[in-house]
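What follows is each chain in one-letter form.
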Amino acid sequence: MIEPLLESTAMRAKSFVDTLAAGCGLTGMEYEQETPIALPILGAAAREQYVRCPIKMTCRGSYQAAISFVRCVEKRFPLVALEALTITAGSDPALQHISVILEWPMKKGAGK
């Protein structure tokens, strides 16, 4: 469950994954909070209490570093879902442009 840090869920995500990203060889991490999404679950009470909070991360690194990062996040944060992974080739194979969107569970209203 993610809770805002200094009123920002992107800042909280940064505090969780910066070390993982650096350990996998990713550099230049930038974070952006996207609009929360309702959970596709049964039961009105749960839908009213929780949302998915997408955080977009952009960085540079190799294909292998990107895959290692996703695997580390999945292992360390089992409730976080991978929404999107985009790898755009650059002239240097070690410096691909990488965009990752991770969806974090969050209590509704926590990110206000």
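Our subject is the structure that appears above.
Bear in mind that the values here come from a model prediction, so they are computed numbers and not experimental data.

### Thoughts on the pattern of salt bridges
Phase 1: All chains considered together, the criterion is met by 2 salt bridges.
Phase 2: Note that Asp18 and Lys14 form a salt bridge whose closest N and O atoms lie 2.5 Å from each other. Taken together, the positions of Asp18 and Lys14, both in helix α1 (residues 9–24) and 4 residues apart, correspond to about one turn of that helix.
Phase 3: Note that Glu103 is salt-bridged to Arg52, the shortest N-O span being 3.2 Å. Here Glu103 is found in strand β5 (residues 96–107), whereas its partner Arg52 is found in strand β3 (residues 50–61), with 51 residues between them in sequence.
Phase 4: Residue class for Glu103 comes out buried when judged on its relative accessible area of 9%.
Phase 5: We classify Arg52 as partly exposed; its relative accessible area is 24%.

### Some points on the nonpolar core
Phase 1: In this structure, Met57 and Phe69 are the most contacted members of the largest nonpolar core, which totals 25 residues.
Phase 2: Looking at this core, the elements with two or more residues in it are α1, β1 (27–33), β3, α3 (63–76) and β5.
Phase 3: Broken down by element, the residue count for this core peaks at 6 residues, all from α1.
Phase 4: What Phe69 contacts, discounting residues up to four positions off in sequence, is Val17, Leu20, Ala21, Cys24, Leu26, Met29, Met57 and Val100.

### Describing the packing of α1 against α3
The axes of two packed helices give the description: the angle between them and the distance between them.
Phase 1: At their nearest, the axes of α1 and α3 sit 9 Å apart, and the two run at 140 degrees to each other. Taken as a pair, α1 and α3 cross one another with a handedness that is right-handed. Between α1, through Val17, Leu20, Ala21 and Cys24, and α3, the contact on the second element is made entirely by Ala65, Ser68, Phe69, Cys72, Val73 and Arg76.
Phase 2: When the residues that make up the contact of α1 with α3 are grouped by side-chain class, the tally is 8 nonpolar, 1 polar and 1 charged.

Rules and cut-offs
As a convention, each chain's residues are numbered from 1 in the sequence order in which they are written. Side-chain atom pairs in this predicted model are given and counted only at pLDDT of 80 or more, local residue features only at pLDDT of at least 70, and totals for whole chains, interfaces and linings cover all residues. The side-chain numbers reported here are obtained from all heavy atoms of the structure, hydrogens and water having been left aside. What counts as a salt bridge is simple: a side-chain nitrogen of Lys or Arg found within 4 Å of a carboxyl oxygen of Asp or Glu. In this description a helix means any DSSP run of H or I spanning at least four residues, a strand means any run of E spanning at least two, and both kinds are numbered starting from the N terminus. Whether a residue is buried, partly exposed or exposed follows from its accessible area with a 1.4 Å probe, protein chains only, as a fraction of its type maximum: under 20%, in between, or over 50%, in that order. We call a set of buried residues a nonpolar core when its members are Ala, Val, Leu, Ile, Met, Phe, Trp, Tyr or Cys and they connect through side-chain atoms within 4.5 Å of each other. Residues count as neighbours in contact if any of their non-hydrogen atoms are within 4.5 Å of one another. Between N-to-C directions, angles span 0 to 180 degrees; the directions come from axes that are lines fitted to C-alpha atoms, helices contributing only their stretch in contact. Left-handed is the label given to a crossing in which the near helix is rotated counterclockwise from the far helix by less than a right angle, and right-handed is the label when the rotation is clockwise. Polar here means any residue outside two lists: the nonpolar Ala, Val, Leu, Ile, Met, Phe, Trp, Tyr, Cys and Pro, and the charged Asp, Glu, Lys and Arg; Gly therefore counts as polar.

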